[in-house]
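Breakdown of the fold
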Amino acid sequence: MSQETTTINPETLKKHINARRTFAIISHPDAGKTTLTEKLLLYGNAIHLAGSVRARRNQRSATSDWMKMEQERGISITSTVLQFPYKDHVVNLLDTPGHQDFSEDTYRTLTAADCAVMVLDAARGVEEQTLKLFEVCRRRGIPVFTFINKMDRPAQDPLGLLDEVETVLKMQPVPMNWPIGDGDTFMGVYDRKTDEVHLYDRTAHNQTISPEYITTLDDPRIEAGISDFQFEELHLNIGLLDELAEYDHEKFLSGEQTAVYFGSALTNFGVQLFLDDFIKMAPPPSAYPSDQGKIDPVSPGFSGFVFKIQANMDPRHRDSVAFLRICSGRFERNVQVKHPQTGKTLKLSRTYTFFADERAVVDEAYAGDIIGLPGNREFSIGDTISSDGDFSFEPIPRFAAEHYARLINLDVGKQKQFLKGIHQLESEGAMQVLYETDATRRDPILAVVGVLQFEVVQARLENEYNVQTKLEPLPHQLSRWVEGPKEQIDQLPWRYGMMRTEDLDGRLVALFSSAHELSFYSEKYPDIKFLSIQ
Ligand code: GDP
């Protein structure tokens, strides 16, 4: 360890780290992620009136072009980290952008989380974006809670929703509670663990904590509040629950089971019950794999990796902030760290935590926490820093691009800045860059997960490198690394529709116009491997 850090009692270190709960909420747009985030903050005492985070989101932006773009689109490009203490725990909520046009950043944020909360709209079930984000969680093997939201609106049958989770996501759903009524008659939930019923009252504009009444299933208010049919169904379903799988903590941690909660983030029903279970069941910081084996979070050496780089957070300073997930030990301001990717030793003296878009200097943080390191242009996505300095964390996976476009520099006199910008943005993970081989055109092809990334790249090239560009969308939908016998590869019908390109490492990449085309050529040329770019 470096001399700059003070020693900490191992038991105290362990206590701090094991109290951390670091997670992200995943959902399809409009399922209620922002609303649930706010309500968790409300119940976590981090805000006093729900609505303030959203309001702040809408207000910010006036300060920079970057933010202006965000405001115009009415979406959140930046992922922020929200930290709040709750019942002897420290909750770190990684906020992921949820708009249709979400980007690779969203996926990468999940690499910094120890578990995820999947929000489903009770009327819609598992939707497309939910599924994509869920697959990233599955690949990482992190546990997933399911919050079935909007029970205060007409909902699908709860058993049907569980069935959908099981068949589509291939996880065993274990309902931890059961809704009482739905739509206008939704009045609360039955908690399986305690056999208690939690009934709630709505509050003005749903802004404050809802009064809660803990009672039992035979409370006459239940029979009076829902229809005879619903009452009968409720008892029938609760009887059936015993025949469903029991919650098994190991199976939950391994992703075999998902713990399911019903509620309504808007009206606050079921939110606290969920949060109370969440802090008990969610795992503390997990060990991250490195080239020296797994790094135990409760080890004395401080270490972490950069999972996101956000440029222009404060345009007055032209700064870019690298977000670091702490993987082990304790961070102390002014710690000396090694950065194996450049071989340099750095002193971390400017470090921040974030709440919405406000930043505060952080002097101390622990494994599981996220800190922001502003102003250091040397960091790239996936970089390791550590006080011991003799290992690197496993690289962050790349995620399959779905959109492709040529980027044309409109001012040939600025070719040098253009290329510098492209390479810098690529190393920050803003997009992937390909070049068409054997072509006279040397305009780079950008490959992205979400189309919004194109705009971000263009805006940043203009703001930071003073380069104007034009985008020429390409019709391709997917790409694969191509490996195999050279003569066969040369025989492939390379043309515009199946474009031959290479990435910045010189690997051959084929762009396909459809999945159908890819499977056709995979079958036709069994000796050629078309590998997913991940
Ligand atoms: P996000 O896109 O997933 O972040 O979704 P939001 O939290 O912005 O919610 C989308 C819309 O659904 C908003 O109009 C919310 O007010 C509404 N909404 C969210 N949760 C609930 C809920 O529990 N019940 C009802 N009725 N509406 C909800």
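Residues numbered from 1 in each chain as written. Predicted model: local features only at pLDDT ≥ 70, side-chain atom pairs only at ≥ 80, totals over all residues. Heavy atoms only, no water.

In this section: the confidence of the model for the protein chain. Chain-level statistics for the protein chain give a pLDDT mean of 86 and a share of 88% at 70 or above. Note that pLDDT drops below 50 for residues 55–79; the model gives that stretch 56 contacts with residues more than four away or on any other chain. (pLDDT = per-residue confidence, 0-100. Contact = heavy atoms within 4.5 Å.)

This part covers the site of the ligand. In the vicinity of the ligand, 17 residues are found, and the nearest of them are D30, K33, T34, T35 and D152. At 3.0 Å, a side-chain N or O of N149 approaches an oxygen atom of the ligand. In the environment of the ligand, an oxygen atom lies 3.1 Å from a nitrogen or oxygen atom belonging to the backbone of L266. Take the shell around the ligand: its biggest share by element is three residues, from helix α2 (residues 33–43). Residues belonging to the shell around the ligand are distributed by class as follows: four nonpolar, seven polar and six charged. (Near = heavy atom within 4 Å. Polar contact = N/O pair within 3.5 Å; in protein donor to acceptor, adjacent residues only side chain to side chain. Helix = DSSP H or I, 4+ residues; strand = E, 2+ residues; numbered from the N terminus. Nonpolar A, V, L, I, M, F, W, Y, C, P; charged D, E, K, R; others polar.)

Moving on, we get to a negative patch on the surface. On the surface, a cluster of negative charge is contributed by D291, D388, D390 and E394. Structurally, the position occupied by D388 is in the loop between β23 (384–386) and β24 (403–409). (Patch = residues over 30% accessible without salt bridge, like charges linked within 9 Å, V, L, I, M, F, W, Y side chains within 5 Å. Areas by Shrake-Rupley, 256 points an atom, 1.4 Å probe, with all protein chains shown as cover. Salt bridge = Lys/Arg side-chain N within 4 Å of Asp/Glu carboxyl O. Lys, Arg positive; Asp, Glu negative; His and termini not counted. Charge placed at Lys NZ, Arg CZ, Asp CG, Glu CD.)

Strand order in this open sheet of four strands is β7-β8-β9-β10, and the pairing throughout is antiparallel. Of all strands in the sheet, those bounded by a partner on one side alone are β7 (177–180) and β10 (212–215). The mean angle between the axes of side-by-side strands here comes to 25°, regardless of whether they run parallel or antiparallel. Summarising the sheet, strand β9 (residues 196–200) and β10 pair through four bridges and their orientation is antiparallel. (Pairing = 2+ DSSP bridges. Axes fitted to C-alpha atoms, helices over the stretch in contact; angles between N-to-C directions.)

Summarising the element assignment, L511 is placed in strand β30 (residues 508–512). For L511, a relative accessible area of 0% puts it in the buried group. Here the alpha-carbon distance between L511 and Y404, two residues 107 residues apart in the chain, equals 8.8 Å. (Buried < 20%, exposed > 50% of the residue type's maximum accessible area, 1.4 Å probe, protein only.)

Okay, the state of the cysteines next. Taken as a whole and assessed by the stated rule, the structure comprises zero disulfides. With no disulfide of its own, C137 lies 9.2 Å from the sulfur of C115, the closest cysteine sulfur. According to the relative accessible area criterion, C137 is buried, its value standing at 1%. (Disulfide = S-S within 2.5 Å.)

With mixed pairing, the seven strands of this open sheet are ordered in space as β2-β3-β1-β4-β5-β11-β6. The open sheet is flanked by β2 (81–86) and β6 (172–175), the only strands paired with a single partner. Adjacent strand axes in the sheet meet at a mean angle of 30°, parallel and antiparallel pairs treated alike. As paired strands, β6 and strand β11 (residues 257–262) are joined by four bridges and run parallel to one another. Across the sheet, residue P175 finds its bridge partner in β11, namely V260.

Pairs of packed helices are described in terms of their axes, by the angle between the two and the distance that separates them. The geometry of helix α12 (residues 415–427) relative to helix α13 (residues 452–465) is characterised by a closest axis approach of 10 Å and an angle of 125° between their N-to-C directions. The orientation of α12 with respect to α13, classified from their angle, is oblique. For the pair α12 and α13, the crossing hand works out as right-handed. Here Q417, F418, K420, G421, I422, Q424 and L425 of α12 lie close against α13, whose contacting residues are V457, R460, L461 and Y465. (Parallel < 35°, antiparallel > 145°, perpendicular 65-115°, else oblique. Left-handed = near helix turned anticlockwise from the far one by under 90°.)

As a further point, take the nonpolar core. F302 and F331 are the most contacted members of the largest nonpolar core, which has 81 residues in total. Of all the elements, strand β15 (residues 320–328) adds the most residues to this core, at six residues. Beyond its immediate chain neighbours, meaning those up to four positions away, F302 contacts L324, I326, S328, G329, R330, F331, V335, V337, L348, I385, S386 and S387. Counting 31 residues, the second largest nonpolar core, distinct from the first, contains I25, F145, Y261 and L275. (Core = buried A, V, L, I, M, F, W, Y, C linked by side-chain atoms within 4.5 Å.)

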